[in-house]
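So you can see what is in the structure, the chains are spelled out below.
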Amino acid sequence: MSATVRISDVPVLAQRAPQVALAGSGAAPSCGTKSVAGSVSQRACVFCGSRVVLYPVADALHLVHGPIGCAAYTWDIRGALSSGPQLHRTSFCTDLSEREIIYGGEKKLYAALCALIDRERPAAAFVYATCIAGIIGDDIGGVCKRVAREKGIPVVPVQSEGFRGTKKDGYRAACDALFSLIEPPPRERPPLSVNILGDFNIAGETWEVKRYFERMGLSVVATMTGDGRIADIRRAASARLNIVQCSGSMMHLARRLEESAGMPYMRASFFGIEDTARALYDAADFFGDAAVHGAARELVKSEVAAVTPELSRIRARCRGKRGAVYVGGAFKAMSLVRALRSLGITTAVAGTQTGNADDYAALRGLCDPDTVIVDDSNPRELSSLLLARGVDLFIGGVKERPIAYKLGIGFCDHNHERKLGLAGFAGMARFAREVESTVASPVFRFVPRNAAPASGAPLGSGT
Amino acid sequence: MKRETKQSFAAVNPCRLCAPLGAALAFAGVEGAMTLLHGSQGCATYIRRFLISHFREPIDIASSSFAEDEAIFGGAAALEQAVSNMIAQYHPRLIGIATTCVAETIGEDVARYAREIGARLDSGAGPVLVPVSTPSYKGSHAEGYHAALYRIVETLARPGAASDRINIVAGMISPADFRFLREVCNGFGVIATILPDYSETLDGGIWEHNRGLPDGGTGINDIRAMGSASNTLSLGRGVPDMSAGDFLERTFGVRHSRLGLPIGIQATDAFMNALAAACGKPVPARYAAERSRLIDAYVDGHKYVFGKRAVIYGDPDAVVALAGFCGEIGMVPALCATGSAAPGLAARIGEAVPESDGPVTVLDKTDFDGISDAASAAGADILIGSSKGNFIAGRLDVPLVRVFFPVHDRIGGQRLLHLGYRGAQELFDRIVNEILDKRQRASKAEYAYM
C-alpha cells in the first residue's frame, strides 16, 4: 500500500517525494520521469505537447488521426491569433471507429487527407498520431508520403502517440515535424535577421515581440509557431539567429538548426520588464551593430517610461503578498518569479510540468531558500502547499484555476488559453493589472480562509 | 421530416465527446467517488480540462499513466499502483475505473484486474471498484455515462423488502436540474435515489480546508437500496436499451418507465404525473402555481417567438426535449442535430413535435461543420445548444441560447435550469429576450419599449 510522506508540512505520495524540495535544501527536485500512476498529474500527453506547439501554424491542415476525443478536446484550444488564414482553429479528425481498430485506419486517413486538402487548400498538412494509431500500427508516414506526392504539398507525420513519453517528447516530435519542412540555408543570409521560436502569438504576443525587433532594425523571417506560415517556416534557415522563447518546447529545433545549418541561437524571455529588456539587449549584442544597440536602448527607455507609473501604483497595492507559480516550463516560471518580485510579491511555491535539471538548478538559485520547488505536481499537493504557505495569488493555467478559487485564493491565468497578451513591456502592465484585479478584489474578504465565522455565530459575523 | 446522416471521411469540429468523459461525469455524481482512467495520462488531463472549463470546480481524475511498457506488456501493475495512490491521497469510497482506447485495443481485462485488486484491498475500509468499458472509438460521452451508471447499479444495488422508495436515473443534466429533481421528490414526500447527482459535487460552496473530494453525490447506501424500490423513472430519450433501469427491472423486478427530459409544460406534466403514479401521492400544490405562472408567461410572450426557426443541437436527450418545447411555444424546430448515432431520433422528434408547421430536418452522427451547413439551409432565427455552436451563430448573425453542456464561454453553465416549469420559464425568458435584443439592436429607433 502506498503512503504519503510529509514534506514542507504537506502530504506527498512517497513515490513523488524526490520531486518536491525546498530551494535552499541540499538537492534539486528530481525530474524528467513519467507521471506516477494515480497521482493526478496536471500534465497531458505526448500528443498534447505536439498539438500545442504546432497548433498556431495558421495555413496548415491539422488532422488528428485517432478517436473523436483527442480532436474534440483540442478544438480551438489556444488563444493563438493569426493575421490571415484561420484554418488552425478548425478541428479535423479521422474519427477512428471499431472498424478501423480491427482493419486499420490507413484507408480512412488517405481518404480524409485527400478530401480535406482538396476542400481547404492548405499550404501543408500535419498528421498527428494518437495512442490508437500507434497501437494498430498504421503506416502514417507512408500515407503522408503518398498524399504529398499526389497533392504537391508537404504532408508531415507527427509521431505523437500519447503513451510514448511525456508532453516534452511531444514538443520534440513537433520540432522534428517543423525541421522536416525547413529548406537548406541560402548561400547569403540577410545580415540583420532573426527567427522567433517558441512564441505562440497568444493574444497577439508574437506581433508585439516582432514589432520590437523591427524597431531595432532586425527583420523577422519566421515566427514559430505564433501566426506561423508554412512558407516562412520553410525559409527559416535563411535567418542569422534563432531567438528561443519558451525554451522547453523549441530548444530541440534550435539545436537541430545549429547542427544542420550552423545557425546560432539564444534563449530569451519576453515576460517581465527585466527579461524583455535583457532579451532585446542580448539580440543587439549578438549583431554588434551600433545602430541596433542604439535603437534597443531607445526602445527600452521609452517603453519602460510608459509603463512605470502604472507598475508603481500597482506595486504599492501588492507589496508583501505571497505568490505561487505552477506552469508548463521552468523558463517561464523563472520569468514569473522575477516579474512577481518586481511587484513586491515573494514566490512561496514554484513548480513546473516539464522542467529539466538545468532549469531547476537555475530556478532554485533565483528563489528564496524557503520556496518550495515542485516537479509534475498534482491538485492535492498544490492545494496543501497553497494553504500551508499562506499564498495569496496563484499563477497557472485552466486546470490550476479551480484549485486556487475553491480555497478562496486569487488566481491569474498564464497559460495558452488566455485572451490577454502578457509579453513585452505593455504586456507586463497588463499582467500587473491582472494581478491587481485578484489581489485587491474585495470578494476575498468573504471566503472562509479570511472570514470563518465561529460555529453558531450569526451569518456575516466573520467579515 | 427529413432524416440525414452525414456521410463523411473525417469529423470537422466534433459534436460529440468520448465515452470516458461521460463515465467520469457519472462517477462524479456518486458520494466519495473518483474516476481512474486506464490508459495514457492525456485522456485524464484533457477530460478534466474540458469539464473544469464548464463546471469551474476542481475535478480530480486519476490516470494509470501508460508508457510504452504498459502499452506493450499491459497495465495491470500500473492500475494497482494508481488505485493505491488514489487511496493514499483521497480516501475515496468508490473508484470508477473507465478504460480508454489504448487499454481496450491491447485487450486489458480490467474487470478481472479490478476483482483481483479489490480482493487485496482492506475489505472493510477499501473503496468499491467499479470497472466500465469506455473506448473512445465506440459511441460517445452519452454511452459512457450510461454504461457507468449501469455498472454502478450492477455492482451496488441489493435486493430488499419491497418499499415505497423510487429511483430516478437521469441523463446528462445540469447540477441545477439535479437540485430540481431532489426538490420535487422532497415536495412529493417520497424517498428517492437520484442517480447520479452531481448537484453538490460539481456546483458546491467554497472550501475552508483542502478537502480532496467534494461533499455530495448519490449516497452509496441509497444506491444499494435501488434494488428494493417500487419504480425507476429514466429521464431522457437517449437512455440506451440496456440501462441501469433495465438492469433493476430484470434483476430485482423494479418497474421501469422511460420518460423524456421534462422540459416545457407537456413534458413536465408527464413527469409529474408519472412521479405521482409511482409514489401514489398527489402533485404538490406549489407546482400548480409554477405551471400557471409559466402558462401566463407563454401567453405574454407568444408573439415574439411564433414561427421563429430554431436550430437545436446537442445530445439526443436534450434535442428531443428542446424540440418538444419549441413546438409547444410556437417555434419551428427547423433543424435538430446530434453528433451521436441516434437512429430513433427522427421518430422521437416526430412524436414530440406533432403540430409543427414546416419541414424539420433531423441530423445525427454529424459534426459542427455539418450543423453549420444545415443551419444555413434551414434558415435559422436562433440557435439553442452548447457554447460550441457560437461560431455558427456569429456566421449567421443569430442569437445563441446556451443550454446543457458544455458552456465554456460564459459563467454559470452549471446553474442553468432546464427542467420543470421553472426551467421552462427560464428558457422561455432567455429565448424571448434574445429575440427582442436582436430586434432592438437592429432598429435605429432605439425603442424603449419592446
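Residues numbered from 1 in each chain as written. Chains lettered and ligands numbered in written order. Predicted model: local features only at pLDDT ≥ 70, side-chain atom pairs only at ≥ 80, totals over all residues. Heavy atoms only, no water.

S.K.: Give a description of the domain arrangement of chain A that names residues and reports values.
M.R.: All names here are of chain A. According to the domain assignment, chain A contains domain 1 (46-180) and domain 2 (193-299). Taking only C-alpha atoms, the centre of domain 1 and the centre of domain 2 are 27 Å apart. Taken together, the contact pairs 26 residues of domain 1 with 23 residues of domain 2. Here domain 1 and domain 2 share an interface that buries about 2000 Å² over both sides, 66% of which is from carbon and sulfur atoms. Considering only the surface of domain 1 that becomes buried against domain 2, L81, L178 and F179 emerge as the three largest contributors, covering 30% of it. Among the ionic pairs, D176 bridges to R256, the shortest N-O distance being 2.8 Å. Taken together, the connections running from domain 1 to domain 2 amount to eleven residue pairs in polar contact (both at pLDDT 80 or more). At the level of secondary structure, the elements contributing two or more residues to the side of domain 1 that touches domain 2 comprise helix 1 (46-54), strand 6 (124-129) and helix 7 (167-181). With six residues, the top contributor of residues to the side of domain 1 that touches domain 2 is helix 7. (Domains from an automatic or database assignment. Contact = heavy atoms within 4.5 Å. Buried area = accessible area lost by both parts, 1.4 Å probe. Salt bridge = Lys/Arg side-chain N within 4 Å of Asp/Glu carboxyl O. Polar contact = N/O pair within 3.5 Å; in protein donor to acceptor, adjacent residues only side chain to side chain. Helix = DSSP H or I, 4+ residues; strand = E, 2+ residues; numbered from the N terminus.)

S.K.: Which residues make up the sheet that holds strand 6 (residues 128-132) of chain B, and what values do they have?
M.R.: Residues and elements named next belong to chain B. With respect to topology, four strands assemble into an open sheet ordered 4-3-5-6, the strand pairing being parallel. Of all the strands in the sheet, the pair left with one neighbour each is strand 4 (61-63) and strand 6. Going across the sheet, the axis of each strand differs from the next one's by a mean of 25 degrees, ignoring polarity. Of the pairings in the sheet, the one linking strand 3 (residues 33-38) to strand 5 (residues 94-99) comprises six bridges and is parallel in character. Paired with M34 across the bridge in strand 5 is I95. Across the face of the sheet, helix 2 (residues 41-55) comes into contact with strand 3 and strand 4 while running at roughly 165 degrees to strand 4. (Pairing = 2+ DSSP bridges. Axes fitted to C-alpha atoms, helices over the stretch in contact; angles between N-to-C directions.)

S.K.: Residues and numbers for the domain arrangement of chain B, please.
M.R.: Residue and element names in this part refer to chain B. Here chain B is described as being made up of domain 1 (19-138), domain 2 (166-284) and domain 3 (286-442). A C-alpha centroid distance of 24 Å is found between domain 2 and domain 3. Opposite the 30 residues of domain 2 that make contact, domain 3 presents 31 residues. The three residues of domain 2 that bury the most area against domain 3 are R237, I263 and I265, which together make up 27% of that side's buried surface.

S.K.: Pulling in residues and values, what's your account of the environment of D169 of chain A?
M.R.: All names here are of chain A. Along the chain, the position of D169 falls in helix 7. For D169, a relative accessible area of 34% translates into the label partly exposed. Expressed as a C-alpha distance, the spacing of D169 and E188, which sit 19 residues apart in the sequence, is 34 Å. In contact with D169, not counting residues within four places along its chain, are V46 and R164. (Buried < 20%, exposed > 50% of the residue type's maximum accessible area, 1.4 Å probe, protein only.)

S.K.: I'd like a description of helix 14 (residues 357-366) of chain A, backed by residues and values.
M.R.: Each full turn of the α-helix corresponds to 3.6 residues, which orients residues three or four apart in the same direction. Residues and elements named next belong to chain A. Taken together, the buried positions of helix 14 are occupied by D359, Y360, L363, R364 and L366. The buried side chains of helix 14 occupy one side of the element, clustering within an arc of 160 degrees when seen end-on. Away from the buried face of helix 14 by more than 90 degrees, exposed residues A357, D358 and G365 are located. Against the buried residues of helix 14 lie strand 3 (20-22), strand 11 (265-267), helix 13 (330-342), strand 13 (346-352) and strand 14 (372-375). At the N-terminal end of helix 14, a side-chain oxygen is found 3.1 Å from the backbone nitrogen of D358, two or three residues along, and the residue is N356. (Arc of directions from axis to C-beta.)

S.K.: Quick one: what's the story with the interface of chain A and chain B, residue by residue and with numbers?
M.R.: Interfaces are often sized by the amount of accessible area the parts lose when they come together. Taken together, the contacts link 71 residues of chain A with 66 residues of chain B. For the pairing of chain A and chain B, the buried interface totals around 5800 Å² over both sides, and the portion due to carbon and sulfur atoms is 62%. As a salt-bridge pair, D95 of chain A and R16 of chain B come within 2.9 Å of each other at their nearest N and O atoms. In this assembly, chain A and chain B are joined by 27 residue pairs in polar contact (both at pLDDT 80 or more). Mapped onto the side of chain A that touches chain B, the elements with two or more residues apiece are helix 1, helix 2 (68-72), strand 5 (92-93), helix 3 (98-103), helix 4 (106-120), helix 5 (131-136), helix 15 (379-388) and helix 16 (401-406) of chain A. Here the element with the most residues in the side of chain A that touches chain B is helix 4 of chain A; it accounts for six residues. Here the side of chain A that touches chain B is composed, by residue class, of 39 nonpolar, 19 polar and 13 charged. Sheet topology places strand 5 of chain A next to strand 2 (residues 11-12) of chain B; two bridges connect them, and they run antiparallel. Paired with F92 of chain A across the strands is V12 of chain B, a residue of strand 2 of chain B. (Nonpolar A, V, L, I, M, F, W, Y, C, P; charged D, E, K, R; others polar.)

S.K.: So, empty space enclosed by the protein: which residues are in play, and what are the values?
M.R.: This model, assessed by the stated rule, comprises seven cavities of 30 Å³ or more. Lining the largest cavity are 41 residues, and of these R78, C246, K332, N415 and H416 of chain A lie nearest its centre. The set of elements that each furnish at least two residues to the lining of the largest cavity consists of helix 1, helix 7, strand 8 (193-199) and helix 13 of chain A together with helix 2 of chain B. Among the elements that line the lining of the largest cavity, the one with the most residues is helix 1 of chain A, at four residues. Each residue belonging to the lining of the largest cavity can be placed in one class, and the counts come to 17 nonpolar, 14 polar and ten charged. Every residue lining the second largest cavity is counted, 21 residues in all, and those nearest its centre are P67, C70 and C131 of chain A together with C43 and C101 of chain B. Within the residue set of the lining of the second largest cavity, elements represented by two or more residues are helix 2 and helix 5 of chain A together with helix 2 and helix 5 (101-105) of chain B. For the lining of the second largest cavity, the residue count by class is 14 nonpolar, seven polar and no charged. (1 Å grid on protein atoms, 1.4 Å probe; cavity = no way out; pocket = protein on both sides within 12 Å on 5 of 7 lines; lining within 4 Å. Points joined across faces, edges and corners; volume = space filled by probe spheres on them.)

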